[in-house]
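What follows is each chain in one-letter form.
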Amino acid sequence: MKIFAITLTSLFVCGLLTSQASFAQTSKKDRCATMPMYEKHLQLKWRTKKLGSFEDWMARKIRERQFQRTTETIYEIPVVVHVVHSGDELGRGSNISYEQVLSQMIVLNQDFRRTNPDTTGTPSVFASIAADTKILFKLAVLDTTGQLLKEQGVHRYVDASRETWSMSEIETVLKPATIWDPNKYLNIWVVPFSNSNTLGYAQFPEQSGLQGITIDPNTDKPETDGVVINNKFFGSNFTSVGAGFSLAANFDRGRTATHEVGHWLGLRHIWGDGGCGQDDFCDDTPAAGRDNDGLGDCSFPGPNSCTGDPFDDMFQNYMDYTNDICMNLFTNDQKARMRTVLENSPRRKEVIANANVVLSTNQSQVLANTTRLFPNPGGSNSQLQINNELQGKIIVTITDLRGVILQKSTTTKLNTQLQLDLPIQNLPKGVYVVNVQMKQGNISKRLIKK
Ligand code: ARG
Ligand code: ZN
Ligand code: CA
């Protein structure tokens, strides 16, 4: 039997619905119909806590929840998908198409923002604790060197010597060779697994302060951080992008990535990987004594693996082992765990803090990232070095600190690399500003002449 403790339930949702005019009457009625049952459930939980009067406790929880709703920021996570193959043509075999990647991103965002089209499959008894996690995933715009990616968020990686990969090869060879800075990106490797029974796996976050997560410092290292998914389980045949991707039956709706990213953000399996006494450290999920592996009949109630808990198994939860078609929710407490990880865990918190850098579509940012003055400070030999894919006319001016133009030259950049000698030999020692202008953007850098 699960330990009862503080949780948020339909009472809050009902309260909030009345202040949200946009909600349809029917949905309001529907959700609130579950209230008496949840109130009972709550009172039971409250009694074990002995925290003063039930009404006071409730009122406080409602205030907290309302405060949370207005202050909660949406966390954005830049994603790089490493598409690993052995030389397949683009869009064939393991070299999956860009559309397949897009279909997965659509599902990930729908599931985490609770805009998935199958929320209607959430039983009404659970509807009030189903969460919009306010976590968003975005395909990275810039690569690790600050260049614009040709395919947003995608890094295609060929190893002609391997058709398939084992888990230990992925951990010791693939990941360290291909990982992008885990302080800036969520790394997702999409790989042809040698063991076709493995759908995917993830590395847990460290130092989150959450219960129920143990890290092995020998294997859970920064250079292996991320999520790995077998390409037969990555993407969906049920989004606006279209169908026809080569996906395994029952796992063709993108829920493997939702589940794995849940782990990456600190979620345990909903049955706590053990019997009814073993918890997932979320108070709003019913106790579960086992997984519901392969469950494809989504009618509710289904299994009730712990009769000591009044609730039937929440097999619709993304953290169960149910078939994709039956999965449709995270709960409020799962959301709280994931947001706690994003706020506290090394690398996770950097990823959200750095998001605007690798998501920038501004070409001036690309120009800034890929331009350097060298040597700087320099004598008469300083050069302007540009290394990016931008092409076209370039105007370089050198000004003093007040903006008075001292030198100006115009050239055309046709290749990736451009090197220009900076004509500073006749200028006195001091600080200057080098401006680089292209039609795509412009930047300024300081140059010191010594
Ligand atoms: N077995 C995998 C894991 O434990 C993922 C299960 C995902 N389930 C699904 N219906 N896609 O991490
Ligand atoms: Zn799992
Ligand atoms: Ca359990």
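Quick summary incoming for the structure in this document. (Residues numbered from 1 in each chain as written. Chains lettered and ligands numbered in written order. Predicted model: local features only at pLDDT ≥ 70, side-chain atom pairs only at ≥ 80, totals over all residues. Heavy atoms only, no water.)

1. Considerations on the overall build of the protein
When its secondary structure is counted, the protein shows 12 helices and 13 strands. Taking all 450 residues of the protein together, 51% fall into the buried category. For the protein, contacts bridging at least 24 residues in sequence account for 69% of all contacts bridging at least 6. Summing over all exposed atoms, the protein offers an accessible surface of approximately 20,100 Å²; the carbon and sulfur share of this is 51%. (Helix = DSSP H or I, 4+ residues; strand = E, 2+ residues; numbered from the N terminus. Buried < 20%, exposed > 50% of the residue type's maximum accessible area, 1.4 Å probe, protein only. Contact = heavy atoms within 4.5 Å. Areas by Shrake-Rupley, 256 points an atom, 1.4 Å probe, with all protein chains shown as cover.)

2. Things to note about the coordination of the calcium ion (ligand 3)
Each pair of donors in an ideal octahedron of six around a metal sits at 90 or 180 degrees, and each pair in an ideal tetrahedron of four sits at 109.5 degrees. Bound to the calcium ion (ligand 3) on the protein side are W271 (O), G274 (O), G275 (O), Q278 (O) and A288 (O), at distances that span 2.2 to 2.7 Å. Counting the intervening residues between successive donors of the calcium ion (ligand 3) yields the motif W-x2-G-G-x2-Q-x9-A. We classify G275 as partly exposed; its relative accessible area is 35%. (Donors = N, O, S within 2.8 Å, 3.2 Å for Na, K, Ca; no water.)

3. What about the nonpolar core?
In this structure, I77, F112, F137, L186 and L265 are the most contacted members of the largest nonpolar core, which totals 49 residues. Element by element, the count of residues in this core is highest for strand β1 (residues 75-85), at five residues. Not counting the four nearest positions on each side in its chain, F112 is found in contact with A131, D132, T133, K134, I135, F137, T258, V261, G262, L265, F330 and M338. Core analysis: the next-biggest nonpolar cluster, separate from the first, contains 19 residues, L384, L390, L422 and V436 among them. (Core = buried A, V, L, I, M, F, W, Y, C linked by side-chain atoms within 4.5 Å.)

4. Section: the packing of helix α5 (residues 98-113) against helix α8 (residues 255-264)
For the pair α5 and α8, the least separation of the axes is 9 Å and the interaxial angle reads 55 degrees. One finds that α5 runs oblique with respect to α8. The chirality of how α5 crosses α8 is right-handed. Packed against α5, whose contacting residues are Q104, V107, L108, D111 and F112, the element α8 presents R255, A257, T258, V261 and G262 at the interface. Classifying every residue of the contact of α5 with α8 gives five nonpolar, three polar and two charged. (Axes fitted to C-alpha atoms, helices over the stretch in contact; angles between N-to-C directions. Parallel < 35°, antiparallel > 145°, perpendicular 65-115°, else oblique. Left-handed = near helix turned anticlockwise from the far one by under 90°. Nonpolar A, V, L, I, M, F, W, Y, C, P; charged D, E, K, R; others polar.)

5. Quick word on the sheet that holds strand β13 (residues 441-449)
Read from one edge to the other, the open sheet built from four strands follows the order β10-β9-β12-β13, with strand pairing classed as antiparallel. A strand with exactly one partner marks an edge of an open sheet, and here the two such strands are β10 (405-413) and β13. Averaged over neighbouring strand pairs, the angle between their axes works out to 20 degrees when direction is ignored. By the bridge criterion, nine bridges tie strand β12 (residues 430-438) to β13 in an arrangement that is antiparallel. In the strand pairing of β13, V433 is matched with R446. Its contacts with the sheet place helix α12 (residues 363-370) against β12 and β13, and it is angled at close to 30 degrees to β13. (Pairing = 2+ DSSP bridges.)

Remember that the coordinates give geometry; whether it matters functionally is a separate question.
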